[in-house]
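In case you want the letters, here they are:
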Amino acid sequence: GAPRLCVVWDRRADVYPPAEDTFLLTDAVEADAAELVETRGAPRLCVEVGCGSGYVIASVARRFAAHALHCIGTDRNPAAAASAYATARANGVNVDTIVTDLDEAIFERCASRVDVLLFNPPYVPTPDEEVKVGGITASWAGGERGRRVLDRFLPHVGLLLSPRGCFYLVALQENDPQDIARRLYRQGLTMKVLAKQHTGEELLYVLRFSRRPQPVGDMPPR
């Protein structure tokens, strides 16, 4: 995978630290980067929703540093936004960080412009009430099927992506990746599994969604 980054992260501040899913996402984007540039052109705008410590968005900013990529990270936790900003600076890249719920504060100005969209959502299946607990629990508690937070964001994916944009998502097997694929297919996006990894009892995926061509008889995934 890509060389590891220096992370500026306060253990007391309820910020999700870099973990197996962080590295799986970062390595998948790194492995996809050359093809991305070759087939879609150099990305100009990257957004990570729920950026946490900033490890992923800083890694992407560093990978595409030669392409004048503008990077934005959002997080509802002010400590996470501060951590992401500091992590980027510590690694010699610039990331704009914004305290907001999902893409709320950036949706209008970023709609149809995002070339690289990243989301490592709270995906662990939990009782729904844990989604609203706050603190560090909010970074991993996903409610029923681990989908409560993701399902709020999915309707915006196709609206945020540019015509050449790609959406990179971390998901568990329990999140029902095929159902996610069906929902995004209706927005004109097709799924490719970029990586999967067993971590303990979990099966983690990195999924990439991108605009599909429109051949005759195009059928949705079953």
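The following paragraphs examine the structure supplied in this document. Source: prediction; values computed, not measured.

Rules of the game
Residues numbered from 1 in each chain as written. Predicted model: local features only at pLDDT ≥ 70, side-chain atom pairs only at ≥ 80, totals over all residues. Heavy atoms only, no water. 1 Å grid on protein atoms, 1.4 Å probe; cavity = no way out; pocket = protein on both sides within 12 Å on 5 of 7 lines; lining within 4 Å. Points joined across faces, edges and corners; volume = space filled by probe spheres on them. Nonpolar A, V, L, I, M, F, W, Y, C, P; charged D, E, K, R; others polar. Core = buried A, V, L, I, M, F, W, Y, C linked by side-chain atoms within 4.5 Å. Buried < 20%, exposed > 50% of the residue type's maximum accessible area, 1.4 Å probe, protein only. Helix = DSSP H or I, 4+ residues; strand = E, 2+ residues; numbered from the N terminus. Contact = heavy atoms within 4.5 Å. Polar contact = N/O pair within 3.5 Å; in protein donor to acceptor, adjacent residues only side chain to side chain. Phe/Tyr/Trp six-rings, centres within 6.5 Å; stacked < 30°, edge-to-face > 60°.

## With respect to empty space enclosed by the protein
Logical step 1: For the structure on display, the rule yields 2 cavities of 30 Å³ or more.
Logical step 2: Lining the second largest cavity, in full, are L36, R40, G41, P43, D115 and R164.
Logical step 3: Looking at the lining of the second largest cavity residue by residue, the class counts come to 2 nonpolar, 1 polar and 3 charged.

## Focus on the nonpolar core
Logical step 1: Counting 32 residues, the largest nonpolar core has C46, V60, L118 and Y168 as its most contacted members.
Logical step 2: Counting only elements with at least two residues in this core, the list comes to α1 (20-40), α2 (55-63), α3 (78-90), β4 (114-119), β5 (161-172) and β7 (202-211).
Logical step 3: Those residues in contact with C46 that lie beyond four places of it in its chain are I57, V60, L69, H70, C71, I72, V116 and L118.
Logical step 4: Counting 30 residues, the second largest nonpolar core, distinct from the first, contains V114, L117, V157 and F167.

## Describing the side chain of D21
Logical step 1: For D21, the position within the fold is in helix α1.
Logical step 2: The exposure class assigned to D21 is buried, which follows from its relative accessible area of 3%.
Logical step 3: Side-chain polar atoms of D21 contact the side chain of Y123, separated by 2.8 Å.

## A closer look at the packing of aromatic side chains
Logical step 1: What the rule picks out here adds up to 4 aromatic pairs.
Logical step 2: Judged by centre distance (5.3 Å) and plane angle (75°), the rings of F23 and Y55 are edge-to-face. In this pair, F23 sits in helix α1 while Y55 sits in helix α2, placing the two residues 32 residues apart along the sequence.
Logical step 3: Residue F23 is classed as partly exposed on the basis of its relative accessible area of 26%.
Logical step 4: Plain terms: the ring middles of F119 and F153 are 5.2 Å apart, the flat faces sit at 70° to each other, and that makes the pair edge-to-face. You can see F119 sitting in strand β4 and its partner F153 sitting in helix α5 (residues 148-160), a full 34 residues away along the chain.
Logical step 5: Of the residues examined, F153 reaches a relative accessible area of 0% and is grouped as buried.

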